[in-house]
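Each chain is listed here by its residues.
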Amino acid sequence: MMNRREWFLGSASLAAGAPAAFANQSSTKKPVVISSANGLAACAKAMEMLRSGADTLDAVIAGVNIVELDPNDTSVGYGGLPNEEGVVELDASVMHGPSRRCGSVAAIQGIKTPSKIAKLVMEHTSHVMLVGEGALKFAEAYGYKREDLITEKARTAWLVWKESLKTEQAFNNWRSMDENLAADAAPMNRLKRAFPEINEETLAWAWQMATHPPYGTINCLAVNEKGEMSGVTTTSGLAWKIAGRVGDSPIIGAGLYVDQDVGGAGSTGVGEENIRVAGGHTIVEAMRRGMPPRDAVLEALKRVSRNYNDNKTRLDKLDIEFYALRKDGEHAAGSLWGSHRSYKVYSVNDGGESRHEPCVFLYGS
Ligand code: GLY
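The numbers attached to residues start from 1 for each chain and follow its sequence in the written order. pLDDT decides what is reported in this predicted model: residues at 70 or higher carry local features, side-chain atom pairs at 80 or more are listed and counted, and totals for whole chains, interfaces and linings draw on all residues regardless. With hydrogens and water excluded, all non-hydrogen atoms of the structure serve as input to the side-chain values.

Draft legend 1. Representation of the overall build of the protein chain. When its secondary structure is counted, the protein chain shows eleven helices and 13 strands. Here the C-alpha radius of gyration of the protein chain, 19 Å, is about what a compact globule of 365 residues would show, namely 21 Å. The dimensions of the protein chain, computed from C-alpha atoms along their principal axes, are 60 × 50 × 35 Å. Looking at the protein chain as a whole, 60% of its 365 residues are labelled buried. We call two residues in contact when some of their heavy atoms are within 4.5 Å. Put simply, 69% of the contacts in the protein chain that link residues at least 6 apart link residues at least 24 apart. For the protein chain, the exposed surface amounts to about 14100 Å²; the carbon and sulfur share of it is 49%. Each helix is a run of DSSP H or I of at least 4 residues and each strand a run of E of at least 2, with the numbering of both proceeding from the N terminus. Radius of gyration here uses only the C-alpha atoms, and the compact-globule reference equals 2.2 Å multiplied by the residue count raised to the power 0.38. Each residue gets one of three labels from its accessible area relative to the maximum for its type: buried under 20%, exposed over 50%, partly exposed in between, using a 1.4 Å probe on protein chains only. Here the open area of atoms and residues is found with the Shrake-Rupley method and a 1.4 Å probe, where only the protein chains shown may cover a residue.

And the structure:
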């Protein structure tokens with residue numbers, strides 16, 4: 001998960017009112033890849049492929065495949081945290097700028113790389129989105145084998161979530177976001193009794209996951225030296241979700257949007273809040289109207305905030321980030337919360353090593 005506190009770094013002036021000098025000014029002809037904080041390796045892989053002449057969509061998919069296949073990333077693909085039944089269900093979408101086509105899959109089980117299946121939907125069908133069993137059968141028709149996607153680490157967290165249901169601190173799918181996420185530190189004695197074979201560090205992590213279920217996700221956007229653009233978003237979605245819950249990641253216009261004339265945008269964090277503002281589309285349309293990427297991501301965040309009447313106490317529970325890459329290579333990312341000393345980051349590669357850059361933020365100090 002890109003938990004709100006997990007990806008914060010150092011200090012800088014990044015708030016909504018900070019000088020525009022903090023916006024990234026990239027050159028117009030350089031290839032650029034950006035991604036969420038968990039996408040450093042994805043950006044490097046995508047850039048390597050762009051430099052060897054690969055298509056922009058193939059490049060970003062190859063990038064996120066690294067994270068989808070990584071059992072240690074518990075928010076995406078193989079090793080992702082499961083639904084309430086202990087089954088990993090994945091969502092993904094792709095958009096290819098030059099052909100103006102897109103594809104997505106939602107609530108697909110058994111396939112480690114749902115981004116590749118989203119691309120198959122785009123390439124081989126007249127449809128945009130396949131879900132559930134149909135998406136899995138479609139993948140199998142193209143030679144993919146159904147696999148068990150849950151790792152021992154993810155299963156431990158799921159069992160700890162079940163244990164947490166015996167307490168008042170449990171995360172409950174039938175309560176609103178406002179009512180959830182109030183749990184305190186792990187009741188270690190109780191957990192050690194229930195799971196004597198698991199070490200304390202793992203139990204503390206699993207309790208955090210159980211009571212503050214992550215939304216995970218990786219978004220990756222690229223522009224090549226010809227100005228061609230593509231994007232992908234892929235996730236295991238909300239941990240412990242009701243089976244069949246679909247977040248924003250596979251929703252074209254929410255978790256991902258690319259318009260070859262303008263740029264691309266994506267999101268990580270609480271998918272329901274992004275769906276309510278169609279964040280990807282909102283950001284691209286803001287850039288079309290002339291807003292720089294930095295202002296465009298803040299515009300989407302303001303719409304999320306408006307849905308809570310700008311009530312910062314309620315918004316304090318929300319983890320949501322937006323990413324924007326304009327066709328000329330300028331980029332930005334924004335999160336709801338930050339401070340000058342502690343802010344979120346996103347991943348960038350514009351030709352050298354991948355690096356983290358600071359997110360702007362809507363609220364903080
Ligand atoms: N942003 C990922 C999800 O909500 O499923």
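Draft legend 2. Spatial organisation of the nonpolar core. The set of buried Ala, Val, Leu, Ile, Met, Phe, Trp, Tyr and Cys residues whose side-chain atoms join them within 4.5 Å is what this entry labels a nonpolar core. Counting 43 residues, the largest nonpolar core has I34, I283, F322 and L336 as its most contacted members. The dominant element in this core, judged by the number of residues it contributes, is helix α10 (residues 293-306), at six residues. Other than its neighbours up to four places away in sequence, I283 contacts A265, A296, V297, A300, F322 and A324. Counting residues in hydrophobic clusters, the runner-up holds 34 residues, among them A154, V160, M209 and A210.

Draft legend 3. Main features of the sheet that holds strand β4 (residues 129-131). Strand order across the open sheet formed by eight strands is β4-β3-β2-β6-β5-β1-β11-β12, with mixed pairing between neighbours. Looking at the sheet topology across the chains shown, the edges are occupied by β4 and β12 (355-358). Strand-to-strand, the axes of this sheet are offset by a mean angle of 15°, without reference to chain direction. A pair of strands is labelled paired if DSSP reports no fewer than 2 bridges between them. Judged from the four bridges that link them, strand β11 (residues 345-349) and β12 form a sheet pairing that is antiparallel. The partner of Y346 across the bridge, within β12, is E357. Together, β2 (90-96), β3 (101-108), β4 and β6 (229-235) form the strand contacts of helix α3 (residues 114-124), whose direction differs from that of β3 by roughly 135°. With axes taken as lines fitted to C-alpha atoms, and helix axes fitted only over the stretch in contact, angles between N-to-C directions fall between 0 and 180 degrees.

Draft legend 4. Region of the structure containing the pattern of salt bridges. What makes a salt bridge here is a side-chain nitrogen of Lys or Arg within 4 Å of a carboxyl oxygen of Asp or Glu, nothing more. As enumerated under the stated definition, the model contains 24 salt bridges in all. A salt bridge links D261 to R100; its shortest N-O distance comes to 2.7 Å. Of this pair, D261 sits in the loop between β7 (256-259) and β8 (263-269) while R100 sits in the loop between β2 and β3; the two residues are 161 residues apart in sequence, bridging distant segments of the chain. The class for D261 is exposed, based on a relative accessible area of 52%. The residue D295 makes a salt bridge to R294 at a minimum N-O spacing of 3.2 Å. Judged by relative accessible area, which is 31%, D295 ranks as partly exposed. The exposure class assigned to R294 is buried, which follows from its relative accessible area of 5%. Through salt bridges with shared partners, one network takes in R100, D259, D261, E285 and R288.

Draft legend 5. Quick peek at helix α9 (residues 279-288). Along α9, eight of the ten residues are buried, which leaves the element largely enclosed by surrounding structure. Looking at the residues trailing α9, positive phi occurs at G290, about 110°.

Draft legend 6. Just a nonpolar patch on the surface, in detail. Residues qualify for a patch when their relative accessible area is over 30% and they have no salt bridge, like charges being joined within 9 Å and the nonpolar side chains of Val, Leu, Ile, Met, Phe, Trp and Tyr within 5 Å. On the surface, V128, M129 and V131 cluster together into a nonpolar patch covering about 220 Å² of accessible area. Here V131 lies in strand β4. Its relative accessible area of 47% is what places V131 among the partly exposed residues.

Draft legend 7. How the structure looks around the packing of helix α5 (residues 152-164) against helix α7 (residues 200-211). In the contact formed by α5 and α7, the axes pass within 8 Å of each other and the chain directions differ by 65°. α7 is crossed by α5, and the crossing has right-handed handedness. Counted together, K153, T156, A157, V160, W161 and S164 of α5 and T202, L203, W205, A206, W207, M209, A210 and T211 of α7 form the full contact between these two elements. By residue class, the composition of the contact of α5 with α7 is nine nonpolar, four polar and one charged. Crossings are assigned a handedness: left-handed for a near helix turned anticlockwise from the far helix by less than a right angle, right-handed for a clockwise turn. We call Asp, Glu, Lys and Arg charged. Ala, Val, Leu, Ile, Met, Phe, Trp, Tyr, Cys and Pro are nonpolar, and the rest, Gly among them, are polar.

Draft legend 8. Representation of the packing of aromatic side chains in the model. Between rings of Phe, Tyr and Trp, where Trp is taken as its six-membered ring, a pair exists when centres lie within 6.5 Å; planes separated by under 30 degrees are stacked, by over 60 edge-to-face, and by other angles tilted. Under the definition given, this model contains three aromatic pairs. Ring geometry for F138 against Y142: centres 5.1 Å apart, planes inclined by 50°, an arrangement best described as tilted. Taken together, a centroid distance of 5.5 Å and an interplanar angle of 45° make the contact between W337 and Y363 tilted. Placement of W337 in strand β10 (residues 331-338) and of Y363 in strand β13 (residues 360-364) is noted, with a sequence separation of 26 residues between them. Residue classification places W337 among the buried residues on the basis of a relative accessible area of 13%. Classification of Y363 by relative accessible area gives buried; the value is 13%. Lysine and arginine charges are scored as sitting over a ring when NZ or CZ, respectively, is within 6 Å of the ring centre and within 35 degrees of the ring normal. Against the face of Y78 rests K112, its NZ or CZ located 4.3 Å from the ring centre.

These figures capture arrangement, not role.
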